[in-house]
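# Summary of structural features
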Amino acid sequence: MLRYYTAGESHGQALLAFVSGLPAGLPIDVDAINHELHRRQLGYGRGGRQKIEKDRADIFAGVRHGKTIGAPIALRIENRDWANWEKILPVEDNSEDDAPTKKLVAPRPGHADLAGSQKFDFHDARYVLERASARETAARVGGRIVCKATAAEFGTEIASHTIQVGHHKLERPANWDEIKKICGDLDRRYGASTERCRKR
């Protein structure tokens, strides 16, 4: 059974993804993972944080010579912005009076701030924000590409498309060829070939 989970916070040292249950011998392409991470960064409406980060995954365990070895796989994606938060959100105890802080005491509507603060009894919602952040999705993207390697071995392709944004809705079903064409268009737009997209 495939299982995966992520760890890491938005402004921590790194994001981590762990995938277990893959059989041995599956090819894992680090360039493919990093290509998808790059596509994630170029999405519409991205904020200034994306200009700081240059997401690139490193595989720390579970892959040797480009193939899975049957052990759990561990990915790490560095947070470059950690340098700006190291003294504010250190791992070690830093509770002196003069320690710098950036507390968040006004929960944002529609975010996990209030629910998470109540669940964990935090007066500072910063810790909840750090985990319930769009930044965490980078680890999910990395783990997802590793899982797609299994499907690819059986000739299965995975793609998705949007059917509605607000009041704007696609009034007909999209066929597979259309979705694949969009994948190719996106890859050309983001600097990769259609063939590379097709192989994944």
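Procedures and definitions
- Residues numbered from 1 in each chain as written.
- Predicted model: local features only at pLDDT ≥ 70, side-chain atom pairs only at ≥ 80, totals over all residues.
- Heavy atoms only, no water.
- Helix = DSSP H or I, 4+ residues; strand = E, 2+ residues; numbered from the N terminus.
- Expected span 1.5 Å × (residues − 1).
- Buried < 20%, exposed > 50% of the residue type's maximum accessible area, 1.4 Å probe, protein only.
- Contact = heavy atoms within 4.5 Å.
- Phe/Tyr/Trp six-rings, centres within 6.5 Å; stacked < 30°, edge-to-face > 60°.
- Polar contact = N/O pair within 3.5 Å; in protein donor to acceptor, adjacent residues only side chain to side chain.

### A short note on helix 5 (residues 137–153)
Compared with an ideal rise of 1.5 Å per residue, which puts 17 residues at 24 Å, helix 5 spans 25 Å between its outermost C-alpha atoms and is within 8% of the ideal. A138, A139, V141, G142, G143, I145, V146, K148, A149, T150 and A151 are the residues of helix 5 that are buried. Of the surrounding elements, those touching the buried residues of helix 5 are strand 1 (3–7), strand 2 (14–20), helix 1 (30–41) and strand 6 (73–78). Looking at the residues trailing helix 5, positive phi occurs at G155, about 75°.

### Remarks on the packing of aromatic side chains
The final tally for this structure, using the stated rule, is three aromatic pairs. Connected via pairs of aromatic rings, a cluster forms that spans F120, F122 and Y127.

### Section: the side chain of E136
As for its placement among the helices and strands, E136 is situated in the loop between helix 4 (126–131) and helix 5. A distance of 2.5 Å separates the side chain of E136 from the side chain of T6, its partner in a polar contact. Residues contacting E136, with those up to four places away along its chain left out, are T6, L15 and R131.

### Comments concerning the environment of A138
With respect to the element layout, A138 can be found in helix 5. Under the relative-accessibility criterion, A138 is labelled buried at 0%. As a C-alpha pair, A138 and D55 span 83 residues in sequence and 7.8 Å in three-dimensional space. Residues contacting A138, with those up to four places away along its chain left out, are L15, L37, R40, D55 and I77.

### Describing unusual backbone geometry
For H65, which is not glycine, the phi dihedral falls at a positive 55°. Among the structural elements, H65 can be located in the loop between strand 4 (63–64) and strand 5 (67–68). In this structure, D121 is a non-glycine residue whose phi angle is positive, near 60°. By secondary structure assignment, the location of D121 is in the loop between helix 3 (113–120) and helix 4. Overall, D121 belongs to the exposed group, its relative accessible area being 69%.

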